[in-house]
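Geometric and topological summary
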Amino acid sequence: EYLDSKHHSNVEVILKDGAKIGASSLVLALNSPYMKEEIEVKGLKKIELDGFDADVSRTFLESFYNGQSMEINKENFRHVSKLSYTLNVSWMKEKCLEYFRSLMTNGSAEDFDFLMKEGITAKAYDKSGQYLDALAVHKTNKVCQVDIEKVEEGIKNIQSLALNELDFFIRLANNCKRIVPNLNSRHTHGNITKEYATVIVEQAETHLKNQKDQSKLDDKTKFILTKLNFKEISKGYTDISYAKGPDKFRTAASSFLQSLLNLEDITNKEMKTILKLYMSLGN
């Protein structure tokens, strides 16, 4: 069987450019649970893929027939990945993740910029955030050392970050536990978790103080409170050079806590979250 077969095509797939492709309902349903529901449950004979690049969509569907994964590159990654999740094609999702991980391992600093951007963008359709998780827990020099200044600069612009962008930096702080010793790096031992987290907490307090309504929690502050693992970070190891002075994370978290306790209009649920921060600091 093949696309546009006169004998086996009983479903019409409409692409972004208006082109129509004949496809087998059996082949589509076998590869895509989404297609299976559209065809077998809803009884549709026409399926629109007008939100995706037409050429990528055609090649993507052809892979259903030939059993071979299409070549994934930086130019088509976003389209292929989004199609994989939209149509729920598990084996293609895995191929996208493999490509993503290969760039993490073998890519350049420029590739890291690409990965961070794509990981953040993917949160719109990948609710599990697996790309961000993969990037956050990756412990090579490229992510945890070479690009540390770039990542820290992103965190310092926290007030202008969207929640999905902020989510990436929080995942990084929660997951980047240890780094490999590197004499050329200012991070020589231990982990950088506390340093990332300290910047997040400092900027969270600045953000809170800059809100027009100083009596209650805003959504971004709530997001940081619930997502950042204060307990684990507060007891984690710290970079030797970073640990020479006072524990900056605890200092920043304590100051943040005081600003939170000064709020007057907070709910019981919010107070419970604040109390978790209080307890994580050993108070």
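None of these values were measured; they are calculated from a predicted model.

Helix and strand counts for the protein stand at 15 helices and three strands. Looking at the protein as a whole, 49% of its 283 residues qualify as buried. Residue pairs in contact within the protein that sit at least 24 positions apart in sequence constitute 68% of those at least 6 positions apart. Counting only carbon and sulfur atoms, one obtains 49% of the accessible surface of the protein, whose full area is about 14,600 Å².

This part is about the nonpolar core. By size, the foremost hydrophobic cluster in this structure holds 79 residues, and its most contacted members are Leu28, Phe60, Tyr131, Leu228, Phe256, Leu260 and Leu277. In this structure Leu228 touches Ile170, Ala173, Asn174, Ile200, Val201 and Ile233, once residues within four positions along its chain are discounted.

Quick look at the sheet that holds strand β2 (residues 20-23) now. Spatially, β2-β1-β3 is the arrangement adopted by the three strands of the open sheet, whose pairing is mixed. One side of each edge strand has no neighbouring strand; the edge strands of this open sheet are β2 and β3 (46-49). Put simply, the sheet's adjacent strands are angled 25 degrees from each other on average, direction ignored.

Right, let's get into the packing of aromatic side chains. Scanning all chains against the criterion turns up 10 aromatic pairs. The rings of Phe77, Tyr85, Tyr99, Phe100, Phe114, Tyr125 and Tyr131 are connected pair by pair, giving a single aromatic cluster.

Before going further, it helps to spend a moment on the confidence of the model for the protein. On average, residues of the protein score 80 in pLDDT, and 81% of them reach the 70 mark or higher. Long-range and interchain partners of residues 139-147, a stretch whose pLDDT sits below 50, account for 33 contacts in this model, where long-range means more than four residues apart. Low pLDDT, under 50, characterises residues 237-243; the predicted model gives this stretch 19 contacts beyond four residues in sequence or across chains.

Reading the values: rules and limits
Residues numbered from 1 in each chain as written. Predicted model: local features only at pLDDT ≥ 70, side-chain atom pairs only at ≥ 80, totals over all residues. Heavy atoms only, no water. Helix = DSSP H or I, 4+ residues; strand = E, 2+ residues; numbered from the N terminus. Buried < 20%, exposed > 50% of the residue type's maximum accessible area, 1.4 Å probe, protein only. Contact = heavy atoms within 4.5 Å. Areas by Shrake-Rupley, 256 points an atom, 1.4 Å probe, with all protein chains shown as cover. Core = buried A, V, L, I, M, F, W, Y, C linked by side-chain atoms within 4.5 Å. Pairing = 2+ DSSP bridges. Axes fitted to C-alpha atoms, helices over the stretch in contact; angles between N-to-C directions. Phe/Tyr/Trp six-rings, centres within 6.5 Å; stacked < 30°, edge-to-face > 60°. pLDDT = per-residue confidence, 0-100.

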